[in-house]
Structure formats: structure tokens, C-alpha cells
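# Residue-level structural notes
Letter by letter, the chains look like this.
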Amino acid sequence: MKQTAFLLLLMMGSFSLFAQSEKYQKAMQQRIAEMETAVQNGNMPALANTFERIADAEKNQWLPYYYAAYCQVMTALLEQDKSKVDPIADKAEVLLKKAEALAGGANSEINVIYSMIATAHLTVDPAARWMQYGQSSSAFLEKAKAQDPTNPRPLYLEGQSKFYTPEQFGGGKAAAAQVLEKAIAMFDQFKPASELHPTWGKAAAQYFLAQCK
Amino acid sequence: MIKIRALNHLILLLLLFISQLAALGQTTLRGRLLTPKGKPVPGASLAIKDSYDGATSDSTGRFQFETTEKGRQLLQVTAIGYKPVEEWLELNGSPVDLQLILKEAIDELKAVVVTAGSFEASDTKRTTVLSSIDVVTTASANADVTAALRTLPGTQQIGEREGLFVRGGSGEEARVFIDGTLVNNFFYSALPDLATRGRFSPFLFKGTVFSSGGYSALYGQALSGALILETIDLPDQSSASLGVSSVGLSGGYQHLNKKKTASWGANYGYTNLYPYFQLVKQRPDYFRIPAFHGGDANFRIKTSKTGILKFYSTIQANQLGIRTPDIDSGSLKNAFGLTNYNIYTNLAWKERLGKKWKLFLGTSYSLNRDDIENRLQDQDNKDQFIPVQPYVSKSFDVDASGSLLQVKTVFDRRLGSGLSVLRFGGEWLYFKDNVKFRDTISRNNLQEDQFKAGFAELDVYITNNLAAKLGTRVEHSSLLNRANIVPRLSMAYKLGEKGQASLAYGIFFQKPERNQLLLNPDLRFTKAAHYIANYQVINSSYTFRAEVFYKKYEELVKTFPSADNSGDGYAKGIEFFWRDKKTIEGVDYWVSYSYLDTKRDYLNFPGSLQPNFAANHTASLVVKKFITKWKTQFNASYSFATGRPYYNIRFDQGANKFILADQGKTIPFNNLSLSVNFLPAIGKTGAKSFTVWVLSINNVLNQNQIFNYNYSYDGLTRRPIRPAANQFFFIGCFFSFGVDRSQDVINSNL
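Quantities reported herein were computed from a predicted structural model and do not represent experimental measurements.

### Describing the domain arrangement of chain A
Residue and element names in this part refer to chain A. One can read the domain layout of chain A as domain 1 (24-140) and domain 2 (150-213). On a C-alpha basis, the centres of domain 1 and domain 2 stand 18 Å from each other. Within the residue set of the side of domain 1 that touches domain 2, elements represented by two or more residues are α1 (2-41) and α5 (108-124).

And the structure:
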């Protein structure tokens, strides 16, 4: 009798676990799909909150925190009022730190977001902040490249930064196009570790490449 | 009738059943988030704890969402810039209407900062008036920290003496602090009628606070202003540097360990003006060409995640000799020779102790030695001795040595969960000055002072919009055998998003100068009270500041009719500052204007006079532009000041007192300076060296500058005090190896 009860409990437990993970998969897939149009819809802040709720509820998944951080840093980068950028970028960093802890360290994808956070801080006052944030932003990208040479996102960000850098400084459209083309080729090859792992960036890379021509 | 009732019952039952079903499924939560003042809070996150359910508030602070959770659940509300709110809810299917109030979180970036009296240049996240790179790229500054500050309101354009002359105060009344401790001899040793530069490179500092009044209780012994400098932390990378310029050579190395937890470095510079003086004619005859040796060494160690220990030491040796025509006779000359040795060492440790406490411990030692020989010479530059006044006092030797050892400690205790902090600590300074003076007779004077001070300061943040700083300071000087206790108060109130108003009040004491104590060892502290009101609007594209002040001097030292503390004075004025980085594409400029009304009766003044170091109107314009195509930054600055008064204060034997034998006003001061920085290595990816070319010209328009007048002994001749040369040219090339700085320069100019 006791055994049956135990078995039943176990079954119920695993059933709810299964249900839970299915719920997680579904929720994440839906939200990740929403990310594609979030920039145009102005939906990034709300999505960031949604990912954070999933992350807080799940407690041991790094991806929802990763996406929450990504959505926050995108919010920071899109913010026109520069005085609001720092607190949003700080919030992104708090979320990313949680992702890092759950992922067992800063992997290539996490370092990409660290680079974006540094860039967000930099945009507030480039002249005064280059020392600190300019360097760390490119250092994080280099780290991300080294950790996963197949990851196209650091290359896409490098191309984007070249796009905004004047030719005299080694940037410009021609230089950007070179890097972006490489990035797009890598996007085509890139295989995410799961359905939920990051795949973003290709459309934006194509957009910038089109602007280069 | 009955039927209908039954039907009604049935419908009611059905309805009840349906709503029960709905209750089993979902509960609707809706409502609004507001600030205590009733403003909506948009973008806030609402979440039922441990569930996916939640929402984000819209632009009117409203929200609505459904949840499948049931029973007692915790609703968590978070928003950037607000304190989080939690609320227990009973979820049973019936809609929940909520109106929640979110209180602003007190945070460092948003919180009001007391700005009355002080200008900050740093790279913190908070928007500051200047960044540390501004100090280096101001055209007129020639990489001199204090010269850059002379483009800010409140400072005078003084070219005949070193120091910062702040709001009617003399150069001695503003003091410099590095990493918390006082620096004696911040400037190169004084020369007759010529200003000297600061001894310290601006690249040594990451943060600068320039206070033109009302400064913190942590500092003292400066009647008018304080310049508080903070040295840099660990470098980003190991690197070597080499510089060649029209005035000398320099080289250095900085090493950063692999873990990036410690660094050490050393630099050496040699300046010799011989080649420059061959090309650019100087007014005085330099019989000993100025030559400066300077070496420095540093190490910086991270003692923990939050702590850093910094050491900096410099040793300097320099010499020069200047010959000028003697003012009392047409045929004689006055020759001034100086040899100077200087050692400065600073060791500072900062550490966080637990969550609430911070500790600062600083110590510094400095030793300065000036050997001066002043001679009266004939046309063949042969020494002459004429034993009658005024000539007898023109042949003398001075050997002056001064040392300062000090220790300072400051504890920070965070109060509550906000930004309020209690700061307290103490300092001990041991001054030893030995002066040997020899003309017809030899005199020796040794002065020692053990100076102790204790201070406490409370930063109270009542809200993000209202802050106050309450401080007090107790000082005791063994030399004067006197103590004082002073209050320091300031507060700031935020007006709207970017604007704020601040007020500051404080009493400041300062020891009399060494030579004044020779006349009367019983002199007391001199005293000034500051009253400052300030309004400031600041954001990332522009800054506007307006400040009014009133300063009352008491107990100033009089040297006649008797040496005592019977002097007094006042200074009042209004100052404006405007900086704009946005209006003109790619151009960053600032304008400052100061109006000053000041008079004082001190030293041998026959009454209350506007001192000769105070101009009524001062203005500066600084412009910076980077031209990407040429990889070149252009900097220009223009400074203007109305004429300053000059006096011939003579002793009248008949009246047995000092009288104003002559007075007037100098011509206005004008100075246009340009500098160009050319960075050819930019954009060469992977370059292992980085080069900066610097060209600068001071007083481009070759305008005549007269700072003051000297009078002959008989008062019949007066001679203008002018710079050693109208213009100053500088060209230099600086390399750094092992570091690709392109990215820095690019980012700083995007």
C-alpha cells in the first residue's frame, strides 16, 4: 500500500514536472517569437518583464534571465532620454548576472550581452566614458568570439559598430559590409543548442548590410 | 408566475455555476500604479510570485491580467527607480481591483547632489560639469591642472604669481588635496613676478573637485577654495610611453599583472628650456636656463574586491636663474637664482568593511628645499654690494626647507537603506619649516606645528529631491596654541527633472603665513564665512549654472600699525557657466562669466582696498572640435578680465603711516590660445603603438598683458609686470607602445 502510494506520488510528481517543462517550452517559444517584432512594437520593456517572471518562477533556467537581460539592454539602447539609460542598463546587468550564475559562468552568448550593456552606458556620454566602457565593450566581444567561434552575434555587433564608426577610424560602410557578410554566412551555419537558445541578429545584420550598399 | 420565478432561479443558478467555473479557471487583476503624488508609474512589472502570470503597466500606469493561480498569492511590483511593493491577495475568481502606490527609491544617480560652490570633473555615471579629459584638452591649459580650472567661474587670470585666486582670495587661500591629504608645494617654487606651473601631471588624476567655497568639513585651512584631486586606479593594460617636445623628453612604463589586481610603474621627465629660449626671445635674461628633472614611481594593489591601496612618489630637482634690470638704478641688475629639490609621497588605502562601513586611510610625506641667492649686479654681471637702502636688502641668500608629514582617516557609515551617510575621522599634520636668511647678518628660523583636526559630516537624503550635508570640524594648531570649531552646512533641492538649487554656508579658518608669524608669534587663525546660493540645470547635452556668493573675512593679518588680527574684508559676486555639446554639431563649448566685488584691509593697506589680485569682471570661452577627416582635434580658449587695481603703498615718514602714493588700473587682460592634437595612428587596426602630436600656442594674437606694476624705492619709477614672453609655443610628440588606443579615441569622439 505504502509502495503504491509512493509510486503514485512519484508519478504525479513527474507528471507535474513534465507539465511544467512543457509549459516552460511553450511560454518561452511564444515570447521568443514575439521578440522579432518587439523593437517595432515598442514591446521590449514588457517582454523583459515577462522573461523575468518566467525566470523567477523557474528558478534554475538561465535562458529566461538571458532573454530578460537582452530585452532590457535593447530597451536601454533604444531609449532616447539618455538620463534613463544607465538605470535600465544596470537592471539588465543584474538579470545577466543571474543568468551567468545559473549557466555556470559567462558563456559566449552572455558576454555578447555584457558588451551591449557596456555600449549602452557608453552612449550616454561617449566623450567622457570611452575609457571605461568603450574598451570593455570590445573586450567582451573578443571574449565571446574566442569562447564560441561559430557564434555569429559578436561578429554582427562588430559589424554594426563599424557601421557607426567613421571611415577614418577604421570603420565605414565598406569595412562594416565585410564583417556583416561574414556574420550572415555564420548565421546560416549556426545551429542553436536547443529551440530556446539564442538565434537573434540575422535580420538586423541583413538590414545593416543593405544600408551599406 | 411561479414558472417565471422558477426560470429566474434556473438562470440565476446557471449564472452562478458559470461564474463558479470561471473562478476555478482565472482571476482578473487590474488597477493602476501611482506615485504618492498621484503620477502614473509606467513600465512597472507585476508578477504573481512563482508563476508566469503578470503584466507591465502602460503609459498611464494601468495594468490588467489574468491568472490561473488560486488562493493566497503574493503580488510583486517592481519598477526601475522605485521601491518594490508586495501585496498578499486572495484569488478566488472574482476580479481584483488594485490601486498601488510606488515610492521613489533613493538612488545615487537620480538623487540631488549639493553643488553650491563646487565644480566636479570626473568620469562617474552621474553627469558632471567636466570630465577628466577636459582638463587635458583645454587649449590654454598646456596640461596644467590649475590652468584648466582658470576657465571656470570664480577664478582670476593671474600671471604674476602661482596659485588659484578664488573669489577675492589670494593664492595662499586656496589649498590642494591629493587623495584626501594636503599638498604643500603643489606648484613649482615661487619666482619673482612670474607664475609657475603645478608639479603634477593631469594624467595622474581621474577625479577633480574644485570648490570655490563652502567645501566639506573633511577639509580645512583654506579661506577661499579647495582643489580636491583623486589619483587614477589600475591602468587598463601594460604600456610604455615616450615623449619628445620643444621643452624636453619623457619616458615611462606601467605594468599591469595578468590577474589585473596590481600594477606598478615609473616615469622620468627632463625639461630644459635652452633650445626654446634660443628660438623665442624672453624678457628676463636667464643666466641659468631652467632645467627640471622629475622622476616618479607608483604601485596600485587591489586589496580585495572593494579595496585598493595606492602609492605615488615623486622626486624633483630643478634650477634656474633670472636677471632683470634693477628698478632703483639705471645701471644695476637684479639676479635671482633658485635651486629646488622636492619629494612627495602619498600612500592611500580605501576599503569597504562589511555592508555599512567604508574606511579611508591616507598618509603623505613631502619635503621641499629652496636655495635662493639674490644678487645686485653691475652691467658686466659682477656682484655688487651697496650698504645703503634700498640696495642693501637686494643681496641675500635664503635656504628654506619645509616638510610635512600627515595621516588622515575617514570612516563612512551608511545609515538606513538609502544614501544617507555619516562620515567622521581625523587628521594629524606635522609641519616643519626651517628658513635660513642671510644678508648683512644671518638669521635662522625654525617653525614646527603639530596640527590636529577632527571632523564629522552627515549626508541626509530626506527624499531623492532634498538632501542636506551637516558638518563640523575641530582644529588645533600647536604653533598658534589655539583651537577652533566650525560649522559647515549645505543643502540641495531638486526642481524638476534636471534643475536643482543648492545653498551652502560655512566658516573657514586658516593659519597665518609663516613670515607673518615672525612679526608676531601670537597671531590667531584668520577667518572667512561663506554664504552661497546656486542654481544648476544639467543633462548630457548642456549645463547651466548660476551662483551668487557673499564672503566675509575677519581676523585677517595686519602688519601695520601693529602685527595683529585686526584686518577684515568682504567679497561678493555672481557667476554664470554655460556648456553646450549639442547645438553646434560636433562642437563642445563652454562660457563662464564672473562678477566680483571685493575689498579688504590687511597687511600694510592704509584702508579697505580692492586687492591687486582681483578683477571685477572675468570671462572665458572654451571650444573643442574633432575633425574626423583629419584625425585632428582643435581646441581654442579665450579669456578676458577687466583691469586689476595696482597700488604704491609707501611708508610716509612724516605721517608715520602707510599711504597710497599712487594707484591705477592695469589694461584689461586678453588671451586667445589654440591647441591642435593630431592622432595619425587612429584606425590602423592592430597597431602596437599610438602617437599623439600636440601643438599649442598661448596668446595667439600677441596681445599685450600687464598684470601689475612694481614701484621703485623712491616711488618715482613704476614698471609693468609682464609675462616672460608674450607668447608660448609648444610642440610635442607622444608615443605609447603595447597599447592600441585607437578605440579610446574613436569612442571619445563618436
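### So, unusual backbone geometry
As a rule of thumb, non-glycine residues mostly have phi less than zero, and peptide bonds are mostly trans rather than cis. Residue and element names in this part refer to chain B. A cis amide bond links glutamine 389 with the next residue in sequence, proline 390, at an omega value of 0°. Here the amide bond leading from phenylalanine 560 into proline 561 is cis, since omega sits at 0°, within 30 degrees of zero. As for its placement among the helices and strands, proline 561 is situated in the loop between β28 (542-558) and β29 (564-580). A positive phi is found at aspartate 179, a non-glycine position, where the angle reads about 45°. Secondary-structure assignment places aspartate 179 in the loop between β9 (174-178) and β10 (181-183). Overall, the presence of 22 C-beta atoms within 10 Å leaves aspartate 179 in the buried class.

### Thoughts on the sheet that holds strand β3 (residues 54-56) of chain B
With antiparallel pairing, the four strands of this open sheet are ordered in space as β3-β2-β5-β6 (chain B). Only two strands of the sheet have a single partner each, and these edge strands are β3 and β6 (85-91) of chain B. Going from strand to strand, the sheet's axes swing by 15° on average, the running direction of each strand aside. As judged from the three bridges shared by strand β2 (residues 45-48) of chain B and β3 of chain B, these two strands associate in the antiparallel manner. The residue bridging serine 45 of chain B from the neighbouring strand is threonine 56 of chain B, located in β3 of chain B. Packed onto the sheet, helix α2 (residues 44-58) of chain A meets β2 and β3 of chain B and runs at close to 155° relative to β3 of chain B.

### Focus: the nonpolar core
Counting residues in hydrophobic clusters, the biggest one holds 68 residues, and the most contacted among them are Val176, Phe177, Ala226, Leu227 and Leu229 of chain B. Once you skip the residues sitting within four places of it in the chain, valine 176 of chain B turns out to touch Val183, Phe186, Leu227 and Leu229 of chain B. With 60 residues, the next largest nonpolar core counts Phe51, Ala69, Leu157 and Val179 of chain A among its residues.

### Points about the environment of aspartate 328 of chain B
All names here are of chain B. Summarising the element assignment, aspartate 328 is placed in the loop between β17 (308-325) and β18 (333-353). Placed 386 residues apart in sequence, aspartate 328 and aspartate 714 show a C-alpha to C-alpha distance of 7.9 Å. In this view, aspartate 328 contacts Pro390, Tyr391, Ser712 and Tyr713; residues no more than four positions away in its chain are not counted.

### Details of the packing of helix α7 (residues 152-164) of chain A against helix α8 (residues 173-189) of chain A
Residue and element names in this part refer to chain A. Two elements in contact, α7 and α8, have axes whose closest approach is 8 Å; the angle formed by their N-to-C orientations is 165°. With respect to α8, the element α7 is oriented roughly antiparallel. Crossing of α7 over α8 shows left-handed handedness. Side by side, α7 and α8 meet where Pro152, Leu155, Tyr156, Glu158, Gly159, Lys162 and Phe163 of the first sit next to Lys173, Ala175, Ala176, Val179, Leu180, Lys182, Ala183, Met186 and Phe187 of the second.

### Overview of the packing of α2 of chain A against helix α3 (residues 62-78) of chain A
All names here are of chain A. The contact between α2 and α3 brings their axes to 8 Å, and the two run at 160°. Comparing their axes, α3 and α2 come out roughly antiparallel. Helix-helix and strand crossings are classified by hand; for α2 and α3 the assignment is left-handed. Of the residues in α3, those touching α2 at Met44, Pro45, Leu47, Ala48, Phe51, Glu52, Ile54, Ala55 and Glu58 are Pro64, Tyr65, Tyr67, Ala68, Cys71, Gln72, Met74, Thr75 and Leu78. Partitioning the contact of α2 with α3 into residue classes produces 14 nonpolar, two polar and two charged.

Thresholds applied
- Within any chain, residue numbers begin from 1 and follow the written order of that chain's sequence.
- The order in which chains are written sets their letters, starting at A; the order in which ligands are written sets their numbers, starting at 1.
- Since the coordinates come from a predicted model, pLDDT governs what is reported: local features require at least 70, and pairs of side-chain atoms require 80 or more to be given and counted, while whole-chain, interface and lining totals use all residues.
- Segmentation of the chain into domains, including their bounds, is taken from an automatic or database domain assignment.
- Note on conventions: DSSP H or I runs of at least 4 residues are helices, E runs of at least 2 residues are strands, and numbering of each starts at the N terminus.
- Each residue is classified by how many other C-beta atoms fall within 10 Å of its C-beta atom, where C-beta atoms are placed from the backbone; a count of 20 or more means buried, 12 or fewer means exposed, and values in between mean partly exposed.
- Strands pair, by our definition, only if DSSP identifies at least two bridges between them.
- Inter-axis angles, ranging from 0 to 180 degrees, are taken between N-to-C directions of lines fitted to C-alpha atoms, where helices are fitted over the stretch in contact.
- We call two residues in contact if the C-beta atoms placed from their backbones are at most 7 Å apart.
- Definition of nonpolar core: a set of buried Ala, Val, Leu, Ile, Met, Phe, Trp, Tyr and Cys residues joined via C-beta atoms within 7 Å.
- Note on angle classes: values under 35 degrees are labelled roughly parallel, values over 145 roughly antiparallel, values of 65 to 115 roughly perpendicular, and the remainder oblique.
- Two helices that cross are described as forming a left-handed crossing if the nearer one is turned anticlockwise from the farther one by less than a right angle, and a right-handed crossing if clockwise.
- Classification used: nonpolar for Ala, Val, Leu, Ile, Met, Phe, Trp, Tyr, Cys and Pro, charged for Asp, Glu, Lys and Arg, polar for all others including Gly.

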